[in-house]
Amino acid sequence: LPIAVLHAAGHALQVAGIGAGSVYFGTIIKATEPLIGTLIAYAVDGKAAPWYVNLTFVPIVGGIAYAAAKPGAAADLSDLASFAAVAALSSTVFFALAKLLVKRLMTADMKRRHGLDAANTYSVLTCCSAALLLAPSYAAEGPAV
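The structure reproduced in this document is the subject of the present report. (Residues numbered from 1 in each chain as written. Predicted model: local features only at pLDDT ≥ 70, side-chain atom pairs only at ≥ 80, totals over all residues. Heavy atoms only, no water.)

With respect to the element layout, Ala 48 can be found in the loop between α3 (33–45) and α4 (51–55). Between the C-alpha atoms of Ala 48 and Thr 38, which are 10 residues apart in sequence, the distance is 7.6 Å. (Helix = DSSP H or I, 4+ residues; strand = E, 2+ residues; numbered from the N terminus.)

Quick look at the structure:
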C-alpha cells in the first residue's frame with residue numbers, strides 16, 4: 001500500500017503539473033527522473049551506481065539543458081518556482097521513492113511466487129494507484145468522471 005500511495009501521488013502531481021504549466025516544461029523536468037532516482041538511492045542507501053551508469057546522465061542532463069534553453073535569451077530560472085515545476089519535481093521524487101521501495105520489498109522469491117516481472121509489477125502499481133485516485137477524482141470532477 002505505501003508503494004501504491006507514492007505511485008498515486010506521482011501520477012496526480014504529474015497530471016497537475018502538466019495541467020498547470022506547459023506540457024513541454026513538465027516533460028523536461030520529468031526527464032530528469034533517472035538522475036533524481038539515482039541521487040535519492042544514494043542518499044537513502046549510500047550506494048552509488050557504477051561510473052558508466054552515472055556517465056549516461058551527461059547526455060540526458062545536457063539534452064534537457066539544451067531543450068530548455070531559449071536561443072538568444074539569458075538564463076531565466078523564474079519558471080522553476082512555479083506550481084507546475086514544483087508538482088513535476090515532486091512527482092519525480094515520489095516515483096523515485098516508489099521504485100526504491102519496490103526494489104527493497106519485492107524479493108526474488110516474491111516475484112517468482114506471484115509471477116511478477118517489471119511490466120506486470122508496474123501494471124499492478126498503476127491499478128492500485130488508479131483505485132486510490134478514484135474517490136478524489138470523483139470528488140473533484142463530480143459525475144463528469
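This part takes up the pattern of salt bridges. Pairing is possible between side chains of opposite charge, provided their charged atoms come close. Scanning the entire structure with this criterion turns up four salt bridges. For Arg 112, the salt bridge goes to Asp 109, with nearest N and O atoms at 2.9 Å. Here Arg 112 and its partner Asp 109 are both found in helix α7 (residues 108–114), three residues apart, which amounts to about one turn of the helix. On the basis of relative accessibility, which here comes to 61%, the residue Arg 112 falls in the exposed class. Using a relative accessible area of 36% as the deciding quantity, one classes Asp 109 as partly exposed. Salt bridges here are not isolated pairs; linked through shared partners, they connect Asp 109, Arg 112 and Arg 113. (Salt bridge = Lys/Arg side-chain N within 4 Å of Asp/Glu carboxyl O. Buried < 20%, exposed > 50% of the residue type's maximum accessible area, 1.4 Å probe, protein only.)

Time to look at the environment of Ala 12. Tracing the sequence through the fold places Ala 12 in helix α1 (residues 2–20). You can call Ala 12 partly exposed: its relative accessible area is 34%. Residues Ala 12 and Ser 137, 125 residues apart in the sequence, show an inter-C-alpha distance of 9.5 Å.

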